[in-house]
Amino acid sequence: MAEKVKSGKEILDDFFNGIEEIENVDTDIAKMLSELYQNDKLTDTNVKNELQKLRDGNKD
């Protein structure tokens, strides 16, 4: 009857593993966030830099 409570890390792992399947989510941004999280590089600076790269890539 005792339910296992997920740790914060488990919750984040589940979220970032399934982020690309969330309805109406930009897949490029979701993939980028997931990769940063998995590489332990999810910081505001890295997110800003990667978003800029995505914007620059869309200009071509």
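Refer to the structure presented above.
In short, a report on the structure. (Residues numbered from 1 in each chain as written. Predicted model: local features only at pLDDT ≥ 70, side-chain atom pairs only at ≥ 80, totals over all residues. Heavy atoms only, no water.)

1. Some thoughts on the packing of helix α1 (residues 8-18) against helix α2 (residues 27-38)
Now for step 1: Orientation of α1 relative to α2, taken along the N-to-C sense of each, is 145 degrees, at an axis distance of 9 Å. α2 is crossed by α1, and the crossing has left-handed handedness. Contacts between α1 and α2 involve Lys 9, Leu 12, Asp 13, Phe 16 and Asn 17 from the first element and Leu 33, Ser 34, Tyr 37 and Gln 38 from the second.
Now for step 2: Taken together, the residues that form the contact of α1 with α2 break down as four nonpolar, three polar and two charged. (Axes fitted to C-alpha atoms, helices over the stretch in contact; angles between N-to-C directions. Helix = DSSP H or I, 4+ residues; strand = E, 2+ residues; numbered from the N terminus. Left-handed = near helix turned anticlockwise from the far one by under 90°. Contact = heavy atoms within 4.5 Å. Nonpolar A, V, L, I, M, F, W, Y, C, P; charged D, E, K, R; others polar.)

2. A closer look at the side chain of Ser 34
Now for step 1: With respect to the secondary-structure elements, Ser 34 resides in helix α2.
Now for step 2: Look past the residues within four positions of Ser 34 in its chain and what remains in contact with it is Phe 16 and Ile 19.

3. Section: the environment of Phe 16
Now for step 1: For Phe 16, the location among the structural elements is in helix α1.
Now for step 2: Expressed as a C-alpha distance, the spacing of Phe 16 and Gly 57, which sit 41 residues apart in the sequence, is 23 Å.
Now for step 3: When near neighbours in sequence (up to four residues on either side) are disregarded, Phe 16 contacts Leu 33, Ser 34, Tyr 37 and Leu 42.

4. With respect to the packing of aromatic side chains
Now for step 1: In total, this model carries two aromatic pairs according to the counting rule given.
Now for step 2: The interplanar angle of 80 degrees and the centroid separation of 5.1 Å between the aromatic rings of Phe 15 and Phe 16 together place this pair among those described as edge-to-face.
Now for step 3: For the pair Phe 16 and Tyr 37, a centre-to-centre distance of 4.4 Å together with 15 degrees between the ring planes defines the contact as stacked. A residue pair is termed long-range when its members are at least 10 positions apart, and Phe 16 in helix α1 and Tyr 37 in helix α2 qualify at 21 residues. For the pair Phe 16 and Tyr 37, one class covers both residues: buried.
Now for step 4: Among the aromatic residues, those joined into a ring-pair cluster are Phe 15, Phe 16 and Tyr 37. (Phe/Tyr/Trp six-rings, centres within 6.5 Å; stacked < 30°, edge-to-face > 60°. Buried < 20%, exposed > 50% of the residue type's maximum accessible area, 1.4 Å probe, protein only.)

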